[in-house]
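Overview (structure and organization)
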Amino acid sequence: MALLQSFEKSGNVLFKYRGQIPALIFLLAIPILFFSNSDLYMQIFVGQRHFFRIVCIVLGILTSLAGLVLRAYTVSTTPKGTSGRNTAKQVANSLNTKGIYSVVRHPLYLANYLLWAGILIFSMNIWAFIIVSLVYWIYYERIMFAEEAFLRNKFGQEFEEWAASVPAFIPNWSLYEKGDMSFSLKTCIRREYVTVFSTVFSFAIVDYILFYLTCVRWIDYGILSINAWLRPSLYILVVCLILMLVIRTIKHHTKLLSADATRD
């Protein structure tokens, strides 16, 4: 099998499971947090790296927020049956070239990377950030290759002209061209509430791992009160869980979040 065909075949397989594989990568990254940077975590615990911790917390949250905003805008302004809304297999009734797709060819994959990059920055672990970033690059590169091969075969010259001017992963905002569909808050809530909860859940996991590495590991368990385990991330997670259940109930049992046929 030629290398190009191998890339396309593996990309299509990864595309099919693109909702599950990132979670698996995140789970595999957790041991890295436990078995590296112990000296740094200890310095943070004794107060020597407090400013560094604040910077990582703020930068990590802002990076993930940027990913959530980019995802929300993309899914809420992209018509049904186009190259950005397929899930199980490659499907495209038309080629997205306007809106966010006028500045970057793969906005959802960029958004997904920003989500995970923010969590890794929050972890303050450079090795986890580097390793997961490299794995994500290989993973998304294969998927992008397969998607673009499909779009090239289907749309020919139209795709070639778009791909020649619009970058694949790093946005060029000077190219922005207003899209045909306006932002839909209902679509955003209906399609992205699980992503928001999953992101908050991941932040909470990392926060408790850091709590263990910077507190529990270094001091007597008996000193810690029950209140010490009630982290702010836990309260935020509970609020998001309640909101997710409310939105899920509204979505499945009412028409409040229903969309028109062109959106979903």
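Below is a summary of the structure that appears in this document. Everything numeric here is computed off the predicted structure, so don't read it as measured data. (Residues numbered from 1 in each chain as written. Predicted model: local features only at pLDDT ≥ 70, side-chain atom pairs only at ≥ 80, totals over all residues. Heavy atoms only, no water.)

**Some details on the layout of surface pockets**
As a reminder, the rule being used: Using protein atoms alone on a 1 Å grid, points that fit a 1.4 Å probe yet trap it form a cavity, whereas open point sets bounded by protein on both sides within 12 Å along at least five of seven lines form a pocket; residues with an atom within 4 Å of a point count as lining. Grid points are joined across faces, edges and corners, and a volume is the space filled by probe spheres set on the points. Helix numbering and strand numbering both begin at the N terminus, where a helix is a DSSP run of H or I of at least 4 residues and a strand a DSSP run of E of at least 2. Nonpolar residues are Ala, Val, Leu, Ile, Met, Phe, Trp, Tyr, Cys and Pro. Charged residues are Asp, Glu, Lys and Arg, and all others, Gly as well, are polar.
Of the volumes computed, that of the second largest pocket is approximately 350 Å³. Elements represented by at least two residues in the lining of the second largest pocket include exactly α4 (50-76), α8 (185-216) and α9 (232-253). Residue composition of the lining of the second largest pocket, by class: 12 nonpolar, three polar and three charged.

**Thoughts on the environment of leucine 241**
Quick reminder of the rule: Three exposure classes are used, based on accessible area relative to the maximum for each residue type with a 1.4 Å probe and protein chains only: buried under 20%, partly exposed in between, and exposed over 50%.
On the secondary structure map, leucine 241 appears in helix α9. Taking the relative accessible area as the measure of exposure, leucine 241 reaches 35% and is therefore partly exposed. Note: C-alpha distance between leucine 241 and valine 200 (41 residues apart in sequence) is 9.4 Å.

**Side note on the pattern of salt bridges**
Convention followed: Each salt bridge in this description consists of a side-chain nitrogen of Lys or Arg and a carboxyl oxygen of Asp or Glu lying within 4 Å of one another.
Scanning the model with the defined rule gives six salt bridges in all. For arginine 105, the salt bridge is made with glutamate 148, and the minimal N-O distance between the two is 2.7 Å. Taken together, the residues arginine 105 in the loop between α4 and α5 (107-123) and glutamate 148 in helix α6 (residues 126-155) connect sequence positions 43 residues apart. Residue classification places glutamate 148 among the buried positions, given a relative accessible area of 12%. For arginine 142, the salt bridge goes to glutamate 141, with nearest N and O atoms at 3.0 Å.

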